[in-house]
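Here are the chains, one letter per residue:
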Amino acid sequence: AVLANMGLCLSTLEPSSYVGTAERVVVSIDKTVLQQGGGAGSALMNERADSLRDEIASDYTNYHQRRKLEHRLASLSGTAVDVYIGGTTEAEGAERKDRAVDAFNAANAALRSGVVAGAGLTLLRASLYVEQYQKTLSDNSSNSSSDSSTTNSRTDAYIIGLKCVINALRAQTARLATNAGTYCLFTPTNS
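Residues numbered from 1 in each chain as written. Predicted model: local features only at pLDDT ≥ 70, side-chain atom pairs only at ≥ 80, totals over all residues. Heavy atoms only, no water.

A.B. asks: Is there a simple way to explain the nonpolar core in this structure?
C.D. replies: Most often, soluble globular proteins have nonpolar side chains that are buried together. By size, the foremost hydrophobic cluster in this structure holds 6 residues: Val130, Leu137, Ile159, Leu162, Ile166 and Leu169. For this core, the secondary structure elements donating two or more residues are α5 (121-143) and α6 (149-180). At 4 residues, the largest contribution of residues to this core is made by α6. Listed in part, the 5 residues of the second largest apolar core include Ala49, Leu52, Ile56 and Leu73. (Core = buried A, V, L, I, M, F, W, Y, C linked by side-chain atoms within 4.5 Å. Buried < 20%, exposed > 50% of the residue type's maximum accessible area, 1.4 Å probe, protein only. Helix = DSSP H or I, 4+ residues; strand = E, 2+ residues; numbered from the N terminus.)

Have a look at this one:
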């Protein structure tokens, strides 16, 4: 906006410093959509988006102001999406809408609370740490010069238990790889 109280005037305005470019512009009664924008306007939009993020993080904004600012930020940063959901009957449309809202809320909750990688990747990574510990333990038991057979048998039983845990941690990833028709390097073994 070109406002006099901001020190801007149309006669002294340099368009190259305030105006950007857009690949496509769609204007309707309710809104204007700029697609694939660029130029100096992009830097100004990024500055405005940063100031909106600061206002959202501020303690002085209440719930309704925060929601409005989040909507404005989403519109400005290009992350706003219109999703049209319907069905052949009113009941089917309502069910699909409820499912979409549930999925959206679940995704937002996961983003807020933090998510772990899926497809058994977290379990696979955990198995690598357990395997490293198991190798350290087996190296220590082979290097120990104690003659106590009960200590060695306990360590051997412990190592066998760790191998079972490693196989259990890797089983999900191995099954997913098998179902996908690929070879899994970490296949559970009977060793």
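A.B. asks: Got a minute to help me understand a nonpolar patch on the surface in this structure?
C.D. replies: Where nonpolar side chains cluster on the molecular surface, the patch consists of Val25, Val27 and Leu34 and spans about 300 Å² of accessible area. Mapped onto the elements of the fold, Val25 is located in strand β1 (residues 20-27). (Patch = residues over 30% accessible without salt bridge, like charges linked within 9 Å, V, L, I, M, F, W, Y side chains within 5 Å. Areas by Shrake-Rupley, 256 points an atom, 1.4 Å probe, with all protein chains shown as cover. Salt bridge = Lys/Arg side-chain N within 4 Å of Asp/Glu carboxyl O.)

A.B. asks: Which parts of the structure should I look at to understand the packing of aromatic side chains?
C.D. replies: In this description, an aromatic ring pair is defined by two values, namely the gap between the centres and the angle between the planes. As enumerated under the stated definition, the model contains 1 aromatic pair in all. Ring geometry for Tyr133 versus Tyr158: centroids 6.4 Å apart, planes at 80°, classification edge-to-face. You can see Tyr133 sitting in helix α5 and its partner Tyr158 sitting in helix α6, a full 25 residues away along the chain. Given a relative accessible area of 44%, Tyr133 falls into the partly exposed group. Residue classification places Tyr158 among the partly exposed positions, given a relative accessible area of 45%. (Phe/Tyr/Trp six-rings, centres within 6.5 Å; stacked < 30°, edge-to-face > 60°.)

A.B. asks: I keep staring at the pattern of salt bridges and nothing clicks. Help me out?
C.D. replies: Two side chains bearing opposite charge may form a pair once their charged atoms approach each other closely. In this structure the tally under the stated criterion is 5 salt bridges. Glu92 serves as the salt-bridge partner of Arg96, at 2.8 Å between the closest nitrogen and oxygen. With a gap of 4 residues between them, Arg96 and Glu92 both fall in helix α4 (residues 90-113), about one helical turn apart.

A.B. asks: Can you walk me through the environment of Ser138 in this structure?
C.D. replies: Considering the arrangement of structural elements, one finds Ser138 in helix α5. In this structure, the C-alpha to C-alpha distance between Ser138 and Asn152, residues 14 residues apart in sequence, is 9.8 Å.

A.B. asks: In this structure, what is going on with helix α3 (residues 63-77)? I would like to understand it.
C.D. replies: When the terminal C-alpha atoms of α3 are compared, their 21 Å separation across 15 residues agrees well with the 21 Å that a helix rising 1.5 Å per residue should span. Along α3, the positions that sit buried rather than exposed are Leu69, Leu73 and Ala74. The arc that holds every buried residue of α3, seen down its axis, measures 140°, which confines them to one face. Between a side-chain oxygen at the N-terminus of α3 and the backbone nitrogen of His64 the separation is 3.2 Å; the capping residue is Asn62. (Expected span 1.5 Å × (residues − 1). Arc of directions from axis to C-beta. Polar contact = N/O pair within 3.5 Å; in protein donor to acceptor, adjacent residues only side chain to side chain.)

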